[in-house]
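Summary of structural features
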Amino acid sequence: MVSLPLRGLTRAYLRADAAFLRLRQAALEAAGGFFASALTMEEQSAVSIGVYGTAFGRQPRRALADWEKSWFARRLPAPPARVLVGAAGLGPEVLHLVKGGYAVDALEPARGAGSACAALGAESVIAARYEDLARAVLDGTEGPASALAQRRYDAVVIGWGSLSHVLDPRQRLRLLLACDRLAPRGPILASFLELQKDHAEPGRARAGGSALGRLVRRTRGLGPCRVEEVAAVGFGSWFGFIHLFTAEEVQDLGRQISRKVIWEADERSGYPHVSFEPVP
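How each quantity is defined
Every residue gets a number counted from 1 within its own chain, in the order that chain's sequence is written. pLDDT decides what is reported in this predicted model: residues at 70 or higher carry local features, side-chain atom pairs at 80 or more are listed and counted, and totals for whole chains, interfaces and linings draw on all residues regardless. In computing side-chain values, all of the structure's heavy atoms are included and hydrogens and water are not. Put simply, a nonpolar core is a bunch of buried Ala, Val, Leu, Ile, Met, Phe, Trp, Tyr and Cys residues held in one set by side-chain atoms that sit within 4.5 Å of each other. For each residue, the accessible area found with a 1.4 Å probe, counting protein chains only, is set against the maximum for its type, and the residue is called buried under 20%, exposed over 50%, and partly exposed in between. Elements are defined by DSSP. Helices are runs of H or I of four residues or more, strands are runs of E of two residues or more, and each kind is numbered from the N terminus. Contact definition: two residues touch when any of their heavy atoms are within 4.5 Å. Put simply, a salt bridge is a Lys or Arg side-chain nitrogen that is within 4 Å of an Asp or Glu carboxyl oxygen. Two rings belonging to Phe, Tyr or Trp (six-membered ring only in the last case) form a pair when the distance between their centres is within 6.5 Å. Interplanar angles under 30 degrees mark stacking, angles over 60 mark edge-to-face geometry, and anything in between is tilted. Pairs of strands are assigned from DSSP output, requiring at least two bridges between the strands. As a rule, the C-alpha atoms of each element are fitted with a line to give its axis, helices using only the stretch in contact, and angles between N-to-C directions run from 0 to 180 degrees. For each structure, a 1 Å grid was placed over the protein atoms alone; sets of points admitting a 1.4 Å probe that cannot get out are labelled cavities, open sets with protein on both sides within 12 Å along at least five of seven lines are labelled pockets, and lining residues have an atom within 4 Å of a point. Grid points are joined across faces, edges and corners, and a volume is the space filled by probe spheres set on the points. Residues were grouped as follows: Ala, Val, Leu, Ile, Met, Phe, Trp, Tyr, Cys and Pro as nonpolar; Asp, Glu, Lys and Arg as charged; and all remaining residues, including Gly, as polar. We define a polar contact as two N or O atoms separated by no more than 3.5 Å, with the added condition that, inside protein, one atom must be a possible hydrogen donor and the other a possible acceptor, whereas residues neighbouring each other in sequence contribute only through side-chain atom pairs.

1. Re the nonpolar core
- Formed by 33 residues in total, the largest nonpolar core has its most connected members in Leu133, Ile158, Leu175 and Phe276.
- For this core, the secondary-structure elements that each account for two or more residues are α6 (130-139), β4 (155-158), α7 (169-182), β5 (188-191), α10 (247-256) and β10 (273-278).
- Discounting residues that sit within four places of it in the chain, phenylalanine 276 has contacts with Leu176, Gly186, Pro187, Ile188, Ala190, Val250, Leu253, Gly254, Ile257, Arg259, Lys260 and Val261.
- If you look at the next biggest cluster of nonpolar residues, it comprises 21 residues, including Trp71, Phe72, Leu76 and Ala122.

2. Notes on the pattern of salt bridges
- The tally for this structure, following the rule as stated, stands at 16 salt bridges.
- A salt bridge links glutamate 93 to arginine 62, with the nearest nitrogen and oxygen atoms 3.3 Å apart. Within this pair, whereas glutamate 93 is found in helix α4 (residues 92-99), its partner arginine 62 is found in the loop between α2 (41-58) and α3 (66-75), the two being separated by 31 residues in sequence.
- In this structure glutamate 93 comes out as buried when scored by relative accessible area, which is 1%.
- What makes arginine 62 partly exposed here is its relative accessible area of 24%.
- Aspartate 252 serves as the salt-bridge partner of arginine 255, at 3.6 Å between the closest nitrogen and oxygen. Within this pair, arginine 255 and its partner aspartate 252 are both found in helix α10, separated by three residues, close to a single helical turn.
- Under the relative-accessibility criterion, aspartate 252 is labelled partly exposed at 32%.
- Bridged by salt links that share partners, the residues Glu42, Arg129, Asp132 and Arg135 form one connected network.

3. Brief notes about α4
- When we look at burial in α4, the residues that qualify are Pro92, Glu93, Val94 and Leu97.
- Buried residues in α4 make contact with α3, β1 (82-86), β2 (103-107) and α5 (114-119).
- Just downstream of α4, glycine 101 is the residue with a positive phi angle, here 95°.

4. Quick look at the packing of aromatic side chains
- The full count for this structure, using the stated rule, is twelve aromatic pairs.
- Between phenylalanine 35 and phenylalanine 235, the aromatic rings sit 5.6 Å apart at their centres with planes inclined by 40°, giving tilted as the arrangement. Taken together, the residues phenylalanine 35 in helix α1 (residues 4-38) and phenylalanine 235 in strand β7 (residues 233-236) connect sequence positions 200 residues apart.
- Relative to phenylalanine 239, the ring of tryptophan 238 has its centre 4.9 Å away and its plane inclined at 90°; by these criteria the two rings are edge-to-face.
- Judged by relative accessible area, phenylalanine 239 falls into the buried class, the value being 14%.
- Of the aromatic side chains, those joined through ring pairs into one cluster are Trp67, Trp71, Phe72, Trp160 and Tyr271.

5. Some details on the sheet that holds strand β6 (residues 193-194)
- Strands sit in the order β6-β8-β7 across an open sheet of three strands; the sheet is mixed. Of all strands in the sheet, those bounded by a partner on one side alone are β6 and β7.
- Of the strands in this sheet, β7 and β8 (240-245) are in contact with α1, which crosses β7 at around 120°.

6. With respect to the sheet that holds β5
- In space, the seven strands of this open sheet follow the order β3-β2-β1-β4-β5-β10-β9, with mixed pairing throughout. Sheet topology places β3 (124-126) and β9 (259-263) at the edges, where each strand pairs with a single neighbour. Across the sheet, the mean angle from the axis of one strand to that of its neighbour is 20°, orientation sign disregarded.

7. Points about the layout of surface pockets
- Taken as a whole, the second largest pocket encloses approximately 420 Å³ of empty space.
- Lining the second largest pocket are 24 residues; nearest its centre among them are Thr40, Met41, Asp168, Arg170 and Glu229.
- When contributions to the lining of the second largest pocket are tallied by element, the ones reaching two or more residues are α2, α6, α7 and α9 (227-231).
- Tallying contributions element by element places α2 first for the lining of the second largest pocket, with four residues.
- A breakdown of the residues in the lining of the second largest pocket according to their chemical character gives ten nonpolar, five polar and nine charged.

8. So, the environment of arginine 61
- By the secondary structure assignment, arginine 61 is in the loop between α2 and α3.
- Between the C-alpha atom of arginine 61 and that of alanine 116, which follows or precedes it by 55 residues, the distance is 9.3 Å.
- Residues in contact with arginine 61, not counting those within four places in the same chain, are Leu90, Gly91, Pro92, Leu95, Ala116 and Leu120.
- Among the polar contacts made by the side chain of arginine 61, one reaches the main-chain carbonyl oxygen of leucine 90 at a distance of 2.8 Å.

Written out as structure tokens, the structure reads:
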């Protein structure tokens, strides 16, 4: 039998732990509102790249999820097709595809991860962001992704939730237009994070953080940020900044690039994923 003092101590600990979790969540919401409002999208993107660059230096390569393997098997052309993998990280997709007989090029903005992808058999590894890829392909701009501009692929993989890291809606469209040009007859496979239908309205902590962030933004001489875009930005120490999509936004992207959107959402994956398929 547990003694009365120990039972009391246990209950006190559980109450303190619950209070700590509530405080931590409030602090995270306040920080998310503040930084999403105070920083430009370009700055938020740079922070996210830095977060992943640090993580790649201390974490092992993740295993490819079952939903990814199944998705690739269903939607990718047969090997030896050529595939471009974006946000390649330490190369879980690269490893899987190279082993399967595909020719793979990789795009990854965190420079420390590039050598890992090359060691796995990627034919080229480009240290560049999705925005750099779009500028090279659509505008002919010289830059880190210029080597890819004239290549053609049988498929493009926008990997592991990385479409959500493209925060600017104009840049998301430009990325998909660039992918459409690079793989005119092949699928564009994209995973992302989705805004849940029962998503709660921003609480007081996030609203307070956002208000302070807007004040800082004004003192920096920056133009106002769009409230609806800030509200759709998630923030966390392990992923930086992400855009939470609605299903309508994804469908609209498909319409704008004249492709059919095939939803591959698997509730067990935690990552909604779609194929943007060319229309015959």
